[in-house]
Amino acid sequence: MGEQEVGSDLKKQPNSSHCFVCGVENGIGLRMTFYELGPGEVSATYKVPDHFQSYPGIVHGGILASMLDEVASRAAMTGSPTRFRSTAKLEIRYRKPAPLDETLHMRGWVTEERGSRARAKAEIRLADGTLITEAEALLADYPEPVDDEKLAALGWRVYPD
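Throughout what follows, the structure given in this document is the object of discussion. It should be emphasised that the depicted structure is a prediction, and the values quoted were computed from it without experimental measurement.

Rules used throughout
- Counting restarts for each chain, with residues numbered from 1 along the sequence as it is written.
- Thresholds applied to this predicted model are a pLDDT of at least 70 for local features of residues and 80 or more for the giving and counting of side-chain atom pairs; totals over whole chains, interfaces and linings are not thresholded and use all residues.
- Side-chain figures throughout are based on the complete set of non-hydrogen atoms in the structure, without hydrogens or water.
- A run of DSSP states H or I qualifies as a helix once it reaches four residues; a run of E qualifies as a strand once it reaches two. Both are numbered from the N-terminal end.
- Each radius of gyration reported is based on C-alpha atoms, and the globular scaling rule is 2.2 Å times the count of residues to the power 0.38.
- The protein chains shown are the only cover counted for residues, whose accessible areas, like all others here, come from Shrake-Rupley with a 1.4 Å probe.
- When charges are tallied, Lys and Arg are placed among the positive residues and Asp and Glu among the negative ones, while His and the ends of the chain are skipped.
- To locate a charge, the coordinates of NZ of Lys, CZ of Arg, CG of Asp or CD of Glu are taken.
- Two strands qualify as a pair provided DSSP detects at least 2 bridges between them.
- By nonpolar core is meant a set of buried Ala, Val, Leu, Ile, Met, Phe, Trp, Tyr and Cys residues that side-chain atoms within 4.5 Å join together.
- Burial classes: relative accessible area under 20% of the type maximum marks a residue as buried, over 50% as exposed, and values in between as partly exposed (1.4 Å probe, protein chains only).
- Contact between two residues is taken to exist if any of their heavy atoms lie within 4.5 Å; hydrogens are not considered.
- The patch calculation keeps residues exceeding 30% relative accessible area without a salt bridge and links them within 9 Å when they carry like charges or within 5 Å when they are nonpolar (Val, Leu, Ile, Met, Phe, Trp, Tyr).
- Throughout this description, the term salt bridge denotes a Lys or Arg side-chain nitrogen within 4 Å of a carboxyl oxygen of Asp or Glu.

### Quick notes on the overall build of the protein chain
If you tally the helices and strands in the protein chain, you get 2 helices and 7 strands. In sequence order, the secondary structure elements of the protein chain are arranged as β-β-β-α-β-β-β-β-α. Relative to the compact-globule value of 15 Å for 161 residues, the protein chain shows a C-alpha radius of gyration of 15 Å, a close match. Its C-alpha atoms give the protein chain principal-axis dimensions of roughly 45 × 30 × 30 Å. Surface summary for the protein chain: the accessible area is close to 8,500 Å², and the carbon and sulfur share equals 50%. The distance from the centre of the 19 positive side-chain charges to the centre of the 24 negative ones in the protein chain is 5 Å.

Next comes the structure, spelled out in structure tokens:
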């Protein structure tokens, strides 16, 4: 499992049991944790384990895409952690290779809300501020209502650190 830094004064978002990105019981997933910075904005930090590499020492682009997708959609969930949204479109720009041996800093923020749709941006940076990759997402409300039974089946809750 990759290393994460914990935001002490930030509101932690829920995780699920088996999601590839946030699933706490997914032994082959990322097991990431996300924190709300404010309305429509989230952050996460993560050091990617070696088994998610592409070229030696470099994070696979598909892993970066998964991380961007999740941080963008979670930005649109702030204030309403059970309002799930699906990604309708994700445009990614890879700026620099992401090293495996450094903690990556992610941020996602909503740029537009319109009914059942939202637009969000996301980015991944190194600790020194170097932009690694960025994305813009179009998100749509999940088509089915998510009731308490479905949330329980997902294991959707805030897990202790």
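### Description of the pairing of strand β6 (residues 117-125)
Both strand β5 (residues 104-114) and β6 contribute to a ladder of 9 bridges, which runs antiparallel. Across the sheet, residue Gly 108 finds its bridge partner in β6, namely Ala 122. The hairpin turn running from β5 into β6, its antiparallel successor, is 2 residues long, and Gly 115 in that turn takes a positive phi close to 60°. Sheet topology places β6 next to strand β7 (residues 131-141); 9 bridges connect them, and they run antiparallel. Its bridge partner lying in β7, Glu 123 is registered against Glu 134. The hairpin formed by β6 and β7 contains 5 residues between the paired strands, and Gly 129 there has a positive phi angle of roughly 95°.

### Considering the nonpolar core
Grouped together as the largest cluster of nonpolar side chains are 36 residues, with contacts concentrated most on Leu 30, Met 32, Val 48, Met 67, Leu 104, Met 106 and Ile 124. Those elements that place two or more of their residues in this core are β3 (41-46), α1 (61-75), β5, β6 and β7. For this core, the leading source of residues is α1, giving 7 residues. Other than its neighbours up to four places away in sequence, Leu 104 contacts Ala 44, Thr 45, Tyr 46, Val 48, Leu 64, Met 67, Ala 98, Pro 99, Ile 124, Arg 125 and Leu 126.

### Some remarks on a negative patch on the surface
A surface patch of negative charge is lined by Asp 50, Asp 101, Glu 102 and Asp 128. Exposure remark for Asp 101: the relative accessible area of 56% places this residue in the exposed category.

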